[in-house]
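Below, each chain spelled out in residue letters.
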Amino acid sequence: MTFTDCLTVALGGAAGCVARYAMQQTPLLMADKTWPTMAVNILGCLLIGIVATLIDHREGPRTIRLLCVTGFLGGFTTYSTFMLDAGTLIRLGQGAKAAVYLLTTLAGGFAAFMAGYFGTVKLLERL
């Protein structure tokens, strides 16, 4: 780990945080506080499936992986906020909603990652 690596991750992370904030301000997603977090997490899983696969398959530069995967997508996804939102729903007596939220986010995130991974592998095979 070098200073340049840390700076690369920090720059990507800052951009990812801003992108997450912007997405969470989308009027369509703002009706309920939990849905923007879920949407960001599922989209982040799709993107990490695509981006990591592209970089790893093409043996891309380590710096690009640090910037895009560790930095940007690490800052973009919000699993700590995800847990806070789920805990808040439970604290508010909305256990069923919390269960749906947790399961949908986890299953949706995994499905999105797999779609990103396999879709990108298939695309790369055709190139």
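What counts and how
- Residues numbered from 1 in each chain as written.
- Predicted model: local features only at pLDDT ≥ 70, side-chain atom pairs only at ≥ 80, totals over all residues.
- Heavy atoms only, no water.
- Helix = DSSP H or I, 4+ residues; strand = E, 2+ residues; numbered from the N terminus.
- Expected span 1.5 Å × (residues − 1).
- Buried < 20%, exposed > 50% of the residue type's maximum accessible area, 1.4 Å probe, protein only.
- Arc of directions from axis to C-beta.
- Contact = heavy atoms within 4.5 Å.
- Core = buried A, V, L, I, M, F, W, Y, C linked by side-chain atoms within 4.5 Å.

Details of helix 1 (residues 3-24)
Move 1: If you check helix 1, its first and last C-alpha atoms are 31 Å apart, about what 22 residues at 1.5 Å a residue would give, namely 32 Å.
Move 2: Among the residues of helix 1, those classed as buried are D5, T8, G12, G13, G16, R20, M23 and Q24. The arc that holds the buried residues of helix 1, viewed along the axis, is 130°, so those residues lie on one side. Exposed and facing more than 90 degrees away from the buried side of helix 1 are F3, T4, L11, V18 and Y21.
Move 3: Here the buried face of helix 1 lies against helix 2 (34-57) and helix 3 (62-76).

Topic: the nonpolar core
Move 1: Listed in full, the six residues of the largest apolar core are M38, F82, A86, L89, A98 and Y101.
Move 2: Those elements that place two or more of their residues in this core are helix 4 (79-91) and helix 5 (95-126).
Move 3: For this core, the element with the most residues is helix 4, which contributes three residues.
Move 4: Setting aside residues up to four positions removed in sequence, F82 forms contacts with T37, N41, Y101, L102, T105 and L106.
Move 5: M23, V40, L73 and F76 belong to the second largest nonpolar core, which has five residues in total.

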